[in-house]
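Observations on the three-dimensional arrangement
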Amino acid sequence: MASVAVSKDSLESDSDIHITLEDQQKINRFARHNAKWEELREDLKNKKGDLQNLEDASDDLLLVDDESAPIPFVVGEVFVHFNMEDAKEKLEEAKDKVKKDIEAIEAECTNIKTLMSDLKTQLYAKFGNSINLEAEEE
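This one's a predicted model, so the numbers in the text were calculated from it and none came from an experiment.

Throughout the structure, instances matching the rule amount to one aromatic pair. On the basis of an interplanar angle of 75° and a centroid distance of 5.8 Å, the ring pair of Phe73 and Phe82 is categorised as edge-to-face. Note on Phe82: relative accessible area 17%, which makes it buried. Above the ring of Trp37, the side-chain terminus of Lys113 is found at 4.0 Å from the ring centroid.

Bridging between strand β2 (residues 71-75) and strand β3 (residues 78-82) involves five bridges; their strand directions are antiparallel. Paired with Phe73 across the bridge in β3 is Val80. Adjacent in sequence and paired antiparallel, β2 and β3 are bridged by two residues, among which Gly76 carries a positive phi angle near 70°.

Overall, the coordinates contain eight salt bridges when judged by the stated rule. As a salt-bridge pair, Glu92 and Lys95 come within 3.0 Å of each other at their nearest N and O atoms. One end of the pair, Glu92, and the other, Lys95, are both in helix α3 (residues 84-127), three residues apart, so they sit about a helical turn from each other. The exposure class of Glu92 is partly exposed, given its relative accessible area of 39%. Counted as one network, the salt bridges with shared partners bring together Lys47, Lys97 and Asp101.

Time to look at the UniProt feature "coiled-coil region" (unreviewed entry) in the protein chain. With numbering matched to this structure, UniProt assigns "coiled-coil region" (unreviewed entry) to residues 27-57 and 81-122. Spanning residues 27-57, this segment combines 100% helix with 0% strand, and its end C-alpha atoms are found 45 Å apart.

Rules used in this analysis
Residues numbered from 1 in each chain as written. Predicted model: local features only at pLDDT ≥ 70, side-chain atom pairs only at ≥ 80, totals over all residues. Heavy atoms only, no water. Phe/Tyr/Trp six-rings, centres within 6.5 Å; stacked < 30°, edge-to-face > 60°. Buried < 20%, exposed > 50% of the residue type's maximum accessible area, 1.4 Å probe, protein only. Lys NZ or Arg CZ within 6 Å of the ring centre and 35° of its normal. Pairing = 2+ DSSP bridges. Helix = DSSP H or I, 4+ residues; strand = E, 2+ residues; numbered from the N terminus. Salt bridge = Lys/Arg side-chain N within 4 Å of Asp/Glu carboxyl O. UniProt positions renumbered as here; feature names shortened; annotations may be inferred.

Here is the structure:
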């Protein structure tokens, strides 16, 4: 997560820099966008894991010997048994939905990153090295 820090000592030593209400709002907006972006990245990671699981399940269906055997499929919190064709169809539907979710999350991440970049440019232009908007290394 990016830290948003304005060094008070460096601001006091340079009398030309004052934090206005507008500046504070920009800093707060950047922090909110950054928190949302981090949350979306976590969601994206989870969705990609879900997609991989669905693809693994599709691969496993290819290994089933008995095509007439009922295939358990999770619906909500319960297992429902489907025949092979219905199970394949449900898996494809689920994969398509997850792919659409991934695309939507990626688009939102790109949008938020653009907004953050614009705010970062404005804030660095005003505060220079007195503000840190970079992501913390873990």
